[in-house]
Amino acid sequence: MIRAGVVGASGLAGGELVRLITQHPDLELTFLGGSSSIGRRPSELHPGLRVGHQLTVRPVTERAADEVDVLFLATPAPVSAELAALLADRVPALVDLSGAFRIRTPELHDRWYPKVRRRPDLAGRFVHGVPELIGDRLKDAPLISLPGCYATAITLGLAPLTLGLGLDLGTVVVDGKSGSSGGGLHLRTADLHPYRSGAIAPYAPTGHRHAAEVADFLERTRPGSVTRLSMSAYGVSHVRGLLTSSYVLTDDAVDPRELARAYLRFYRGKPFVRVRRHEETLIPVPDPQAVLGSNYADVAALYDEDGGRIVVLAALDNLVKGAAGQAVQAANLRFGLPEETGLTQQPVVPA
């Protein structure tokens with residue numbers, strides 16, 4: 001068994017990690033770390049969990065490295081940066097779910113994460129990206145940084161165009177809508193039920209750090225290309241799930257059938273990306289409710305001839321494929337397991 005630890009066990013992503021790890025045939029939960037919930041069990045922190053052992057949350061020290069083979073950091077970016085400095089050279093595998101190490105360029109990192117002070121030598125040591133795109137680099141990787149939920153959806157949507165077809169995307173405009181769980185468990189007036197219920201809240205109408213992360217990743221993956229990515233993000237009254245609509249403007253003629261075939265080719269053999277036809281089910285897809293509770297991401301690419309744009313839709317569960325599920329998927333690849341191990345749960349529909 002692979003010994004696994006979770007830091008940030010009281011958060012939503014941390015709870016999802018506990019849920020997935022305790023159902024995983026090859027992972028054993030051996031450590032829970034945190035600061036605000038010391039001494040509490042997962043079942044006290046997450047009403048849906050009744051795990052079969054009595055682990056409690058403990059402070060994180062260097063000695064935690066002796067209890068795990070892989071440590072998941074489901075912590076805010078400043079905390080992840082501190083813990084990585086403490087444990088990066090001690091833990092066999094460290095998987096960070098935060099934004100602490102997503103942007104490699106120091107200047108760009110400081111712009112989007114001005115309060116995150118990371119150890120200078122660590123930024124270049126983390127392997128970063130969506131598992132579907134960097135799977136070969138994850139095997140035996142000691143330090144892994146995963147994209148955020150929005151960045152995962154956007155990257156999976158655009159990758160077949162830039163990495164598969166070799167297109168220079170130029171300017172891409174993204175519209176993103178996410179449920180309330182994307183903001184974690186912080187208490188804000190805007191998230192109170194009287195305001196949030198039924199709302200479409202433009203909380204980041206201009207500028208979003210996940211857009212910068214996607215552009216940085218695509219440019220590093222395909223040197224010489226420049227992607228100018230602009231994003232507007234909205235909070236909706238769902239609890240889980242998100243949908244991104246990426247608009248790629250082009251003057252070239254596009255064959256919609258060839259576009260669909262390109263996506264099918266690119267994701268052949270990738271079990272967690274489902275290439276969809278917009279009207280193939282009872283409801284138009286991609287739709288977040290068709291992936292809830294699962295590690296699947298649904299992607300569709302359409303061509304708007306009148307507007308001269310490729311429209312790429314991507315939907316996922318922000319707590320699973322956008323966080324905990326993707327982290328377990330990366331750990332599977334890191335330890336040489338089939339990437340779908342422990343992650344084959346089908347979506348819960350309706351939810």
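Scope of this entry: the structure provided in the associated data block.

Criteria and cut-off values
- Residues numbered from 1 in each chain as written.
- Predicted model: local features only at pLDDT ≥ 70, side-chain atom pairs only at ≥ 80, totals over all residues.
- Heavy atoms only, no water.
- Pairing = 2+ DSSP bridges.
- Helix = DSSP H or I, 4+ residues; strand = E, 2+ residues; numbered from the N terminus.
- Axes fitted to C-alpha atoms, helices over the stretch in contact; angles between N-to-C directions.
- Contact = heavy atoms within 4.5 Å.
- Core = buried A, V, L, I, M, F, W, Y, C linked by side-chain atoms within 4.5 Å.
- Buried < 20%, exposed > 50% of the residue type's maximum accessible area, 1.4 Å probe, protein only.

## A closer look at the sheet that holds strand β8 (residues 200–204)
A sheet is described by the order of its strands in space; here 7 strands give the open sequence β8-β9-β7-β10-β13-β12-β11, paired in mixed fashion. In this open sheet, the two strands that pair with only one neighbour each are β8 and β11 (273–275). Taking the axes of each pair of neighbouring strands and ignoring which way they run, one obtains an average angle of 25° across the sheet. Judged from the 7 bridges that link them, strand β7 (residues 170–178) and strand β10 (residues 242–249) form a sheet pairing that is antiparallel. Considered in β10, the bridge of Val172 is made with Val248. Seen against the sheet, helix α6 (residues 149–164) touches β7, β8, β9 (227–236), β10, β11, β12 (297–304) and β13 (309–316) and runs at an angle of roughly 40° to β10.

## Some words on the nonpolar core
A general feature of soluble globular proteins is that nonpolar side chains tend to end up buried together. Leu17, Phe72, Leu158, Leu161 and Leu229 are the most contacted members of the largest nonpolar core, which has 77 residues in total. For this core, the element with the highest residue contribution is α6, accounting for 9 residues. If near-sequence neighbours (up to four positions away) are discounted, Leu229 is found in contact with Ile154, Leu158, Val172, Val174, Ala211, Val214 and Ala215. Judged by nonpolar contacts, the second largest core, of 26 residues, contains Ala64, Ala77, Ala84 and Phe126.

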